[in-house]
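Results of the structural survey
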Amino acid sequence: MRIAVGSDHRGDHLRLKLIDHLRRLGEEVVDLGVPANDDTDYPDVAETVARQVSRHEVDRGILICGTGLGMCIVANKFPGVRAAPCFDDITAELSRRHNDLNVLCLSGDVMGEKLADRIVEIWLRTPFEGGRHARRLQKVAAIEQRNGAPPAA
Ligand code: RB5
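Residues numbered from 1 in each chain as written. Predicted model: local features only at pLDDT ≥ 70, side-chain atom pairs only at ≥ 80, totals over all residues. Heavy atoms only, no water.

One pass over the full model with this rule turns up zero aromatic pairs. Positioned above the aromatic ring of W123 is the side chain of R60, whose terminal nitrogen or guanidinium carbon lies 4.7 Å from the ring centre. (Phe/Tyr/Trp six-rings, centres within 6.5 Å; stacked < 30°, edge-to-face > 60°. Lys NZ or Arg CZ within 6 Å of the ring centre and 35° of its normal.)

For the structure on display, the rule yields nine salt bridges. In this structure, the salt-bridge partner of R10 is D109, at a minimum N-O distance of 2.4 Å. Pair noted here: R10 is in the loop between β1 (2-7) and α1 (12-24) and D109 is in the loop between β5 (103-107) and α5 (113-125), with a separation of 99 residues, a long-range link. Overall, R10 belongs to the partly exposed group, its relative accessible area being 41%. D100 is the salt-bridge partner of R96, the closest N and O atoms lying 2.8 Å from each other. Neither residue differs from the other here; R96 and D100 are each classed as buried. Shared partners join several salt bridges into a network, and the residues in it are D12, R15 and D31. (Salt bridge = Lys/Arg side-chain N within 4 Å of Asp/Glu carboxyl O. Helix = DSSP H or I, 4+ residues; strand = E, 2+ residues; numbered from the N terminus. Buried < 20%, exposed > 50% of the residue type's maximum accessible area, 1.4 Å probe, protein only.)

The next subject is the pairing of β1. The buried fraction of β1 is high, at five of six residues. In this sheet, strand β2 (residues 28-31) lies alongside β1 in parallel orientation, the contact comprising four bridges. The residue bridging A4 from the neighbouring strand is V30, located in β2. As for the winding sense of the linkage, the β-α-β connection from β1 through α1 to β2 is right-handed. Summarising the sheet, β1 and strand β3 (residues 60-65) pair through five bridges and their orientation is parallel. Bridging across to β3, I3 finds its partner in R60. (Pairing = 2+ DSSP bridges. Right-handed = clockwise from strand over helix to strand, strands pointing away.)

Okay, the site of the ligand next. Neighbouring the ligand are the residues D8, R10, Y42, C65, G66, T67 and G70. Take R10: an N or O atom from its side chain is 2.8 Å from an oxygen atom of the ligand. The backbone of G66 places a nitrogen or oxygen atom 2.7 Å from an oxygen atom of the ligand. (Near = heavy atom within 4 Å. Polar contact = N/O pair within 3.5 Å; in protein donor to acceptor, adjacent residues only side chain to side chain.)

With that settled, consider the state of the cysteines. Counted under the stated rule, the structure contains zero disulfides. Here C105 is not cross-linked by a disulfide; its sulfur's nearest cysteine counterpart is in C72, at 4.4 Å. Of the residues examined, C105 reaches a relative accessible area of 1% and is grouped as buried. (Disulfide = S-S within 2.5 Å.)

With that settled, the discussion passes to the packing of α1 against α5. Closest axis-to-axis distance for the α1/α5 pair is 10 Å, and the angle between their directions is 50°. Comparing the axis directions of α1 and α5 gives the class oblique. In the crossing of α1 with α5, the sense of the turn from one axis to the other is right-handed. Contacts from L14, K17, L18, H21 and L22 of α1 reach α5 at E113, A116, D117, V120, E121 and L124. Considered class by class, the residues forming the contact of α1 with α5 number six nonpolar, one polar and four charged. (Axes fitted to C-alpha atoms, helices over the stretch in contact; angles between N-to-C directions. Parallel < 35°, antiparallel > 145°, perpendicular 65-115°, else oblique. Left-handed = near helix turned anticlockwise from the far one by under 90°. Contact = heavy atoms within 4.5 Å. Nonpolar A, V, L, I, M, F, W, Y, C, P; charged D, E, K, R; others polar.)

So, on to the sheet that holds β5. Hydrogen bonds between backbone atoms are what pair the strands of a sheet, whose relative direction is either parallel or antiparallel. Within the open sheet, the five strands sit side by side as β2-β1-β3-β5-β4. Their pairing is parallel. Strands at the two margins of the open sheet, each flanked by one partner only, are β2 and β4 (83-85). When strand polarity is set aside, the average angle formed by the axes of neighbouring strands in this sheet is 25°. Lying on the sheet, α1 is in contact with β1, β2, β3 and β5; it crosses β1 at an angle near 165°.

Honestly, that's just the spatial picture; any functional story needs more than this.
Right, dumping it as structure tokens:
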């Protein structure tokens with residue numbers, strides 16, 4: 001899988017560890033988050049990663065900031081992007097089974113490296129269930145379009 005990864009300054013340490021882990025797992029990493037200073041604005045990084053996911057230039061994205069929340073708010077502005085913060089095994093698994101999550105948001109402030117590795121592995125290997133969940137995501141896409149977004153690519 002081709003995965004774009006970005007962070008602000010508060011997610012920098014976790015991003016570097018996760019990239020190593022993803023590469024060990026055999027994934028192709030596009031490292032987009034290189035904070036230029038101590039005060040990177042999370043919208044700038046999230047926009048770059050989410051745009052690539054929205055345009056299918058990568059299969060998935062991972063975004064890390066202090067909480068994971070700001071990144072998530074920005075990423076969900078892009079058509080076809082389904083971003084959410086995950087904090088444990090259950091949210092990681094259900095984010096894939098039910099929501100077909102294509103952008104994983106993580107907290108650099110509170111999440112340890114081992115937990116982040118575990119969440120990412122679950123998120124990578126868990127399939128989308130489809131069925132009634134696909135119907136619901138079609139409704140999400142229809143809401144996007146009714147509110148001005150172009151159809152997802
Ligand atoms: C940066 O101080 C912080 O606001 C950011 O990393 C993130 O937590 C925003 O949601």
